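One-letter residues, chain by chain:
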2 protein chains.
Amino acid sequence: MREIVIGGAQMGAIQKADTREAVVDRMIVLLDQAKAAGCDLVVYPELALTTFFPRWFIDNQSEVDFWFENEMPNAATAPLFAAAKKAQIAISFGYAERTQDGHYYNTSVLTDRDANIIGTYRKVHLPGHSEYDPERSFQHLEKRYFEPGNLGFPVWKNLNARMGMCICNDRRWPEVYREMGLQGVELVMLGYNTPTVNSQLSDEGIEQRLYHSELSMTAGAYQNATWVVGIAKAGLEDGHPLMAGSIIVDPNGYVVARASSEVDELVVHACDMDACTFGKTTIFDFGRHRRIEHYQRIGTQAGVVIND
Amino acid sequence: MREIVIGGAQMGAIQKADTREAVVDRMIVLLDQAKAAGCDLVVYPELALTTFFPRWFIDNQSEVDFWFENEMPNAATAPLFAAAKKAQIAISFGYAERTQDGHYYNTSVLTDRDANIIGTYRKVHLPGHSEYDPERSFQHLEKRYFEPGNLGFPVWKNLNARMGMCICNDRRWPEVYREMGLQGVELVMLGYNTPTVNSQLSDEGIEQRLYHSELSMTAGAYQNATWVVGIAKAGLEDGHPLMAGSIIVDPNGYVVARASSEVDELVVHACDMDACTFGKTTIFDFGRHRRIEHYQRIGTQAGVVIND
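Since the model is a prediction, treat every value here as computed from it, not as a measurement.

1. Regarding the overall build of chain A
Then comes step 1: Helix and strand content of chain A: nine helices and 14 strands.
Then comes step 2: Its C-alpha radius of gyration of 19 Å places chain A within 12% of the 19 Å reference for a compact globule of 308 residues.
Then comes step 3: Taking the intrachain contacts of chain A between residues at least 6 apart in sequence as the baseline, contacts between residues at least 24 apart amount to 69%.
Then comes step 4: Roughly 10,700 Å² of accessible area belongs to chain A as shown, and the carbon and sulfur atoms make up 50% of that amount.

Structure below.
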């Protein structure tokens, strides 16, 4: 038994006008709840410090830069790091990263119990588009504001378990879980900001969008015998709804904990990392069963090639 | 609208003592039902012509050879091919294949409306083990009787759609759907013989086994925007239960038709191949979103490599 008590810290809406300081205060309230619940690790959403700004078209680069952090921790987030260290709780959260040499990423970090950053992930699968699209009901400009992540899908040892991260749209891609599965991952953490409405298919409906989100995470968990923690930023941001549906999924692909609101809410589950062993040593014993000679398109061909 | 009316021909148990001829008669009854229902294509299970013989340990090679077909079609299956041609219905079914040069595969074939075999698939992911295992509640000797398939995951144009096949345990591996997805597949057909009991975890239960089967197929359908038809051989074969749960899944990952029995049963759905287009051109537009530079472990590393 290697139990990690995980707190999934779903966050409600963050308005454009909300300051980082006000948001960090909310994150610390959730951390305090996690401490009271005996958590070892707290997972916050994607872009946890700000509103989901890629829904807005911004032409002026200095206005874009306002949404990015130039270092981490920084003045606004220092209280969160201090509180996490004091509570001896590891944390993971997402933010918009501007590097010293001027690159822009949709990033998440992972700390140890002393609030040292031991892992950085940069979102690989950027959804949406890069130019203003008049045909959409709202914009989704992640391809404009971010570069695709350049760090792959690393796995780190933390709290005596193997942990990896991905972000939002990454969760729909089986390659993401598999790359980490091939490094023995036992816990995949991810945050998301998923609009309740499909900007290209307005009648899709929230039930279908929640189903696709859960389907992707439960399949990724089962097929790699890993825990998956998927945490939403939810609610109405300046009139734009984000879906909730934060879940913790066990290595059998079952949802074992689920948020019930669209506001700040802590979801807690005691996760036994040893529960990964059965799947990893039987049906998904990769070394015994995988046949890489037949997977050559996956890593060499990005798009569809028709051979009619 | 490119509609193909698909009949999923679930089959009940086949006992060791049942002849190929008796089984083919049952397959023709299902074909007749499909004709009456207006089907264009009928999908039968894995190893449709015989009992699931890999549950038995057989030492004598001539006894093993009894379960294999040396050519296809052959005398026993000729009436099925003739009936399919007369009905102008394309078919797909599985059987144990012994090649002219002495190789053994778990195979499925696909025909056009004139019963010409236009596609052959050989199962890549063989589950189970190769030697007698006294610790299992029953045997699963696919790794003993078959070689891993050597044809990859081809996609063929048939009935004006792009079709591929996989078999049973293949359906749990996301690489399988993705290899076909990268060739533009619109319909994945598969048959299975899945024991109701996990031979290494007797308290797993049929509900969990049905869930994992459906989870794998619905995720594969959604993540590649393809129809998936998964058809069981079900029921009690010489005392050994096989689970049922045959389903037809749409390109959104929803089950649209489902078998309700554990016996011979035809499940019918009119499948519009154009329903694949939305997913393939938006969220799963592979050429726009996939980042193959970060998928390099998948095709180069079979087993887990720990980097602690």
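2. Describing the pairing of strand β3 (residues 90–98) of chain B
All names here are of chain B.
Then comes step 1: Of all nine residues that make up β3, eight are buried, and the element is covered over most of its length.
Then comes step 2: By the bridge criterion, three bridges tie strand β2 (residues 41–43) to β3 in an arrangement that is parallel. From the neighbouring strand, L41 faces β3, where its bridge partner is A90.
Then comes step 3: Bridge analysis of β3 against strand β4 (residues 104–111) gives seven bridges, and the strand direction is antiparallel.

3. So, the packing of helix α6 (residues 206–224) of chain A against helix α6 (residues 206–224) of chain B
Then comes step 1: Here α6(A) crosses α6(B) at 120°, and the two axes come no closer than 9 Å. Classified by the angle between their axes, α6(A) and α6(B) sit oblique to one another. By crossing handedness, the relation of α6(A) to α6(B) is classed as left-handed. Contacts between α6(A) and α6(B) involve A:Y211, A:H212, A:L215, A:S216, A:T218, A:A219, A:Y222 and A:Q223 on the former and, on the latter, B:Y211, B:H212, B:L215, B:S216, B:T218, B:A219, B:Y222 and B:Q223.
Then comes step 2: When grouped by side-chain class, the residues that make up the contact of α6(A) with α6(B) number eight nonpolar, eight polar and no charged.

4. Description of the environment of B:N224
Residue and element names in this part refer to chain B.
Then comes step 1: Mapping N224 onto the fold places it in helix α6.
Then comes step 2: A sequence separation of 52 residues divides N224 from C276, and the C-alpha atoms of the two residues are 8.5 Å apart.
Then comes step 3: Setting aside residues up to four positions removed in sequence, N224 forms contacts with Y177, R178, G181, V185, K280 and F286.
Then comes step 4: Polar contacts involving the side chain of N224 include one to the main-chain carbonyl oxygen of G220, which spans 3.0 Å.

5. A few points about the sheet that holds β2(B)
Residue and element names in this part refer to chain B.
Then comes step 1: Taken together, the six strands give an open sheet; going across it, the order is β5-β4-β3-β2-β1-β14, and neighbouring strands pair in mixed fashion. Strand pairing shows two members of the sheet lacking a second neighbour, β5 (117–122) and β14 (265–272), which therefore form its edges. Neighbouring strand axes in the sheet, compared pairwise and without regard to direction, differ in orientation by 25° on average.
Then comes step 2: Contacts from helix α1 (residues 20–36) reach β1 (3–10), β2, β3 and β14, with the element oriented near 40° to β14.
Then comes step 3: The strands that helix α3 (residues 78–87) touches are β3, β4 and β5; relative to β3, the one it contacts most, it runs at about 165°.

6. Description of the nonpolar core
Burial of nonpolar side chains together is a common tendency in soluble globular proteins.
Then comes step 1: Core analysis: the largest hydrophobic core is formed by 105 residues, its most contacted members being A:L41, A:L187, B:L41, B:M163 and B:L187.
Then comes step 2: Sequence-distant contacts of A:L41, defined by excluding residues within four places in its chain, comprise A:I4, A:V5, A:I6, A:G7, A:I89, A:A90, A:I91, A:L110, A:L159, A:M163, A:L187 and A:M189.

7. A look at the side chain of A:R55
Residues and elements named next belong to chain A.
Then comes step 1: The residue R55 is located in the loop between β2 (41–43) and α2 (61–65) in this model.
Then comes step 2: At 2.8 Å, the side chain of R55 and the side chain of E237 are in polar contact.
Then comes step 3: Look past the residues within four positions of R55 in its chain and what remains in contact with it is Q139, E237, H240 and L242.

Analysis parameters
Residues numbered from 1 in each chain as written. Chains lettered and ligands numbered in written order. Predicted model: local features only at pLDDT ≥ 70, side-chain atom pairs only at ≥ 80, totals over all residues. Heavy atoms only, no water. Helix = DSSP H or I, 4+ residues; strand = E, 2+ residues; numbered from the N terminus. Rg over C-alpha atoms; globule rule 2.2 N^0.38 Å. Contact = heavy atoms within 4.5 Å. Areas by Shrake-Rupley, 256 points an atom, 1.4 Å probe, with all protein chains shown as cover. Buried < 20%, exposed > 50% of the residue type's maximum accessible area, 1.4 Å probe, protein only. Pairing = 2+ DSSP bridges. Axes fitted to C-alpha atoms, helices over the stretch in contact; angles between N-to-C directions. Parallel < 35°, antiparallel > 145°, perpendicular 65-115°, else oblique. Left-handed = near helix turned anticlockwise from the far one by under 90°. Nonpolar A, V, L, I, M, F, W, Y, C, P; charged D, E, K, R; others polar. Polar contact = N/O pair within 3.5 Å; in protein donor to acceptor, adjacent residues only side chain to side chain. Core = buried A, V, L, I, M, F, W, Y, C linked by side-chain atoms within 4.5 Å.

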